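# Structural features, examined
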Amino acid sequence: MFAPKLVPGDEIRVIAPATSMIILKEAQVDLAVERLTKLGFNVTFGKNADAHDEFFSSTIAERIEDLHDAFADPNVKGILTAIGGYNSNQLLKYIDFDLIAANPKVFCGYSDITALQLAIYQKTGLVTYSGPHFSSFGVKHGLEYTLESFLEAVTNDSPYEIVPSKTWSDDAWYLDQENRTFHEQSGYLILQEGEAEGRLIGGNLCTMNLLQGTDFMPSLKESILFIEDDEESHSRSFDRDLQSLLHLPDAASIKALLIGRFQKNSNITEEALRKIISSKEELRNIPIIANVNFGHVQPFATLPIGAVATVKAVDSETEIFIEQNE
């Protein structure tokens, strides 16, 4: 189930189901609002978006109220999460999934928000979008690729391609907007060749594993699995988190694997990644592409969880196409 696409004049509601919006700098909030307003959207905020406690989050009740209000409000057409965090999975058993199913809307974010996105897809069939937070639109430099992919995903019904960006950056941009370093990117990294078609399931890897054994975890049957992790991940944790997913009953039918580019602090080298992948008997004979533009390194693409995608990795050439109507 695809939500209606966004059009100019639509209201986008910003909510904070993980970390409070209070941690964002005022200048970044203003720039994000300005960017979205220039695109023709009307930006509003959940009434508890700035609420915060000693964990820089807010109560379950406050976060659930804003989530439910955003889906219930007929004027709201799209929902952006303010930022990620650690505790979105606290909300899962309190969510009114019938309310969401009756009011399908564009819901976009990434990182810890993966818990909500996969649960919503599993419980309602609604395609959710692994893409920018509201805070992502506060990036002063190098946003073009992120913005273009977001608009292709949420304002257009046409198929689109996840092409490699020309450059990438791993700066703590939120600390210093002017001191940025961009590295050239010639293409994606093919770990195994092949061609496949399947349904996109994925997001932040360690967050996905929080859903195992619950009613909120979607099946990996015949999926295009896409995974990424932040700088807290390293070779050994990535290995065991991936292995944990591959123990799931339907993992044997995964059609392809896409891996987002790791942050530098992860210290996961190409050699280490190749060794990890080669140790997984479950991943034999499927296309595997790494350094894909999604996750915690900028810029990044928007991937619709639940949409059909085709993946091709042949003779050093890669193609990742997303279908948007079924």
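Just so it is clear, the structure is predicted and the values come from calculations on it, not from any experiment.

Turning our eyes to something else, we now look at the sheet that holds strand β14 (residues 303–305). Strand order across the open sheet formed by 6 strands is β2-β1-β3-β4-β5-β14, with mixed pairing between neighbours. Every interior strand has two partners, whereas the edge strands, β2 (42–45) and β14, have only one. Taking the axes of each pair of neighbouring strands and ignoring which way they run, one obtains an average angle of 25° across the sheet. Sheet analysis places strand β4 (residues 106–109) next to strand β5 (residues 128–130), joined by 2 bridges and oriented parallel. Bridge pairing in β5 links C108 to Y129.

Okay, the pattern of salt bridges next. Once their charged atoms are close, side chains differing in charge can pair, the charge on each being opposite to the other. Applying the stated rule across the entire model yields 9 salt bridges. Here E34 ties to K38 by a salt bridge, and the two come within 3.2 Å at their closest N and O atoms. Highlighted residues: E34 and K38, both in helix α1 (residues 26–38), separated by 4 residues, approximately one helical turn. Residue classification places E34 among the partly exposed residues on the basis of a relative accessible area of 39%. Put simply, D239 and K280 hold a salt bridge, and the shortest N to O gap is 2.3 Å. Of the two residues, D239 sits in helix α7 (residues 235–246) while K280 sits in the loop between α8 (270–278) and β13 (288–292), which places them 41 residues apart along the sequence. Residue K280 is classed as buried on the basis of its relative accessible area, which comes to 3%. Shared partners join several salt bridges into a network, and the residues in it are E11, R13 and D73.

This part covers the packing of α7 against α8. At a minimum axis separation of 11 Å, α7 and α8 run at an interaxial angle of 25°. The orientation of α7 with respect to α8, classified from their angle, is roughly parallel. Relative to α8, the crossing made by α7 is right-handed. Judged by residue contacts, S235, F238, D239 and L242 of α7 engage A272, L273, I276 and I277 from α8. Here the residues of the contact of α7 with α8 are counted per class, giving 6 nonpolar, 1 polar and 1 charged.

The element helix α4 (residues 114–124) is extensively covered by neighbouring structure, given that 9 of its 11 residues are classed as buried. Here α4 has its buried residues at T114, A115, L116, Q117, L118, A119, I120, Y121 and T124. Residues of α4 that are buried sit in contact with α3 (97–102), β4, β5, β10 (194–204), α6 (205–208) and β14. G125 occupies a position one or two residues after α4 and carries a positive phi of about 85°.

What follows deals with the sheet that holds strand β6 (residues 160–161). Spatial strand order, β6-β16-β15-β10-β11-β12-β13-β9: 8 strands in an open sheet with mixed pairing. Among the strands making up the open sheet, the edge pair consists of β6 and β9 (189–192).

Conventions and cut-offs
Residues numbered from 1 in each chain as written. Predicted model: local features only at pLDDT ≥ 70, side-chain atom pairs only at ≥ 80, totals over all residues. Heavy atoms only, no water. Pairing = 2+ DSSP bridges. Helix = DSSP H or I, 4+ residues; strand = E, 2+ residues; numbered from the N terminus. Axes fitted to C-alpha atoms, helices over the stretch in contact; angles between N-to-C directions. Salt bridge = Lys/Arg side-chain N within 4 Å of Asp/Glu carboxyl O. Buried < 20%, exposed > 50% of the residue type's maximum accessible area, 1.4 Å probe, protein only. Parallel < 35°, antiparallel > 145°, perpendicular 65-115°, else oblique. Left-handed = near helix turned anticlockwise from the far one by under 90°. Contact = heavy atoms within 4.5 Å. Nonpolar A, V, L, I, M, F, W, Y, C, P; charged D, E, K, R; others polar.

Without other data, these values stay purely geometric and don't point to any function.
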